[in-house]
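Summary of the model geometry
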Amino acid sequence: MEKVRIPNSKGVNLSAVMHRPKFETSKLAILCPGYLDTKDYDHLVALAETLVGQGYTVVRFDPTGTWESEGDISEYTTTQYLSDVKSVLEYMLRKGNYKQILLGGHSRGGMVSVLYAARDPRISMVLGIMPSSPFSLDKKITEGWEKTGFAEATRDVPGKNETKKFQVPFSHAKDRMQYNSVEDAAKIHVPVIIVAGELDMVVLPEYAKMIFDRANEPKKFILIPGVGHDYRQNPSEIVQVNTKIIEAVSSL
C-alpha cells in the first residue's frame, strides 16, 4: 500500500491509498466510501486487496472535507464528490496506461459511481454496493435537516475505540437532490453490478433494484442473504460480499 495526496478541483489534497499488484497491469479500480465513511473501513480495504488479487491497481480515497482529506465539510457535496472521482481518475491515468477502469463504492459511494459513469465514457465497469437512490433520502429527514440547518452524525474511527462527529450543512441535501441515480443508470453503456443486502434497512433492496432495472445490459444483480448495510462490521460478511463481487466482475 502507498499513501498519496491527490489535488482536487479546488487545489486542496485528497487523501488516498494505492494498492498495486506485483506485475504491471492495465486494469484500474477506484473505490468510493459511503456517506461520511472513510476509505479505511474494513470492507473497502478488503475489497481493494481482493481486486489486487484479480490484477487491478486499486485506489481508495476520502472525499473532500472528510477524514484525512483537506477541505471543509461544507464542500462535501455530490457535485464535489463527482469532481473528486475525476481528479483521482486523471491522477491515476497520468501514472499508468490503464485500459480497463472499474468504478465502485458502497452506499453513497455506489450512488456516486453510477452518477459518474453516466457522465464519463472512460469508465469500463460500474459497481454499486447497496447504492443510495433518490428514495434513500427520506422526506422527514430532509425537512428536519432544513429546519436545523445541519445534520449531525458520528462514525467510528478505524482501529480505535473512539468516534468522529460530523455536522453536515443542509446545502449537502439540496445539492444531492439535483441528481438521480435511477434515471442516470439508463445512460450507462458498460457492465453494471448492483449488490443488495437482504437485511439492509438503509438502502432497501428494492431501491437498489430500481437502479439495476434502469441499467443497460450487460448487468448483474446480487442479493446477498442475511447481510445488512453495515456488513463492514462482520469479517465473514465482508468475505461473502467480496466473493460475490469478484464472481460478477469475472463473468461480465
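Cut-offs and rules
Within each chain, residue numbers correspond to sequence positions counted from 1 in written order. Whole-chain, interface and lining totals are the exception, using all residues; otherwise, since this is a predicted model, local features are given only for residues with pLDDT of at least 70 and side-chain atom pairs are given and counted only at 80 or more. Excluding hydrogens and water, the side-chain values take into account all heavy atoms of the structure. Strand pairing is defined by DSSP finding a minimum of two bridges between the two strands. Only DSSP runs of H or I with at least four residues qualify as helices, and only runs of E with at least two residues qualify as strands; both kinds are numbered from the N terminus onward. Here, axes are lines fitted to C-alpha atoms. For helices the fit covers the stretch in contact, and angles between N-to-C directions go from 0 to 180 degrees. Throughout this description, any angle smaller than 35 degrees is read as roughly parallel, any larger than 145 degrees as roughly antiparallel, any in the 65 to 115 degree range as roughly perpendicular, and the remainder as oblique. Put simply, a crossing is left-handed when the front helix is turned counterclockwise from the back one by less than a right angle, and right-handed when it is turned clockwise. Any two residues having at least one pair of non-hydrogen atoms within 4.5 Å are treated as being in contact. For this classification, the nonpolar set comprises Ala, Val, Leu, Ile, Met, Phe, Trp, Tyr, Cys and Pro, the charged set comprises Asp, Glu, Lys and Arg, and every other residue, Gly included, is treated as polar. Buried, partly exposed and exposed residues are distinguished by accessible area as a fraction of the type maximum, computed with a 1.4 Å probe on protein chains only: under 20%, between the cut-offs, and over 50%, respectively. Salt bridge, as used here, is a side-chain nitrogen of Lys or Arg placed within 4 Å of a carboxyl oxygen of Asp or Glu.

**A closer look at the pairing of strand β8 (residues 163-169)**
Where strand β7 (residues 150-156) meets β8, seven bridges bridge the pair, whose relative direction is antiparallel. Counterpart to Asp-156 in the pairing with β8 is Thr-163.

**Some points on the packing of helix α1 (residues 42-52) against helix α8 (residues 235-251)**
Between α1 and α8, the shortest axis-to-axis distance is 10 Å and the interhelical angle comes to 40°. For the element pair α1 / α8, the angle class is oblique. In this structure, α1 meets α8 at a crossing whose hand is right-handed. In this structure, α1 contributes Asp-42, His-43, Ala-46, Leu-47, Thr-50 and Leu-51 to the contact, and α8 contributes Ile-238, Asn-242, Ile-245 and Ile-246. Tallied by class, residues from the contact of α1 with α8 come to six nonpolar, three polar and one charged.

**So, the environment of Ile-238**
Along the chain, Ile-238 turns up in helix α8. On the basis of relative accessibility, which here comes to 6%, the residue Ile-238 falls in the buried class. It is 8.1 Å that separates the C-alpha atoms of Ile-238 and Asp-42, two residues lying 196 residues apart in sequence. If we ignore the near neighbours within four places in the chain, the residues touching Ile-238 are Asp-42, His-43, Ala-46, Tyr-231 and Arg-232.

**With respect to the sheet that holds strand β5 (residues 100-106)**
Spatially, the eight strands line up as an open sheet ordered β1-β2-β4-β3-β5-β6-β9-β10, and their pairing is mixed. The two strands at the open ends of the sheet, each matched to only one other strand, are β1 (2-7) and β10 (219-224). Here the average twist between neighbouring strands, direction ignored, is 20°. Relative to strand β9 (residues 192-197), strand β6 (residues 125-129) is paired through four bridges, and the arrangement is parallel.

**Some points on the pattern of salt bridges**
Per the stated rule, a full pass over the model turns up 14 salt bridges. The shortest N-O distance in the salt bridge between Asp-37 and Arg-155 comes to 3.1 Å. On the criterion of sequence distance, the pair formed by Asp-37 in the loop between β3 (27-32) and α1 and Arg-155 in strand β7 is long-range, its members being 118 residues apart. Here Asp-37 matches Arg-155 in class, with each residue buried. Taking the shortest distance from any N to any O, the salt bridge between Lys-39 and Glu-68 comes out at 2.8 Å.

**Let's talk about α1**
Where burial is concerned, most of α1 is hidden: eight out of the 11 residues are buried. For α1, the full list of buried residues reads His-43, Leu-44, Val-45, Ala-46, Leu-47, Ala-48, Leu-51 and Val-52. Looking at the buried residues of α1, the elements they touch are β2 (13-19), β3, β4 (56-61), β5, β6 and α8.

**Notes on unusual backbone geometry**
For the bond running from Glu-217 to Pro-218, omega is -5°, close enough to zero to count as cis. Its place among the elements puts Pro-218 in the loop between α7 (205-214) and β10. Although it is not a glycine, Trp-67 sits at a positive phi angle of roughly 50°. Here Trp-67 lies in the loop between β4 and α2 (78-95). The phi dihedral of Ser-107 falls on the positive side, at around 60°, and the residue is not glycine. Counting through the fold element by element, Ser-107 comes out in the loop between β5 and α3 (108-117).

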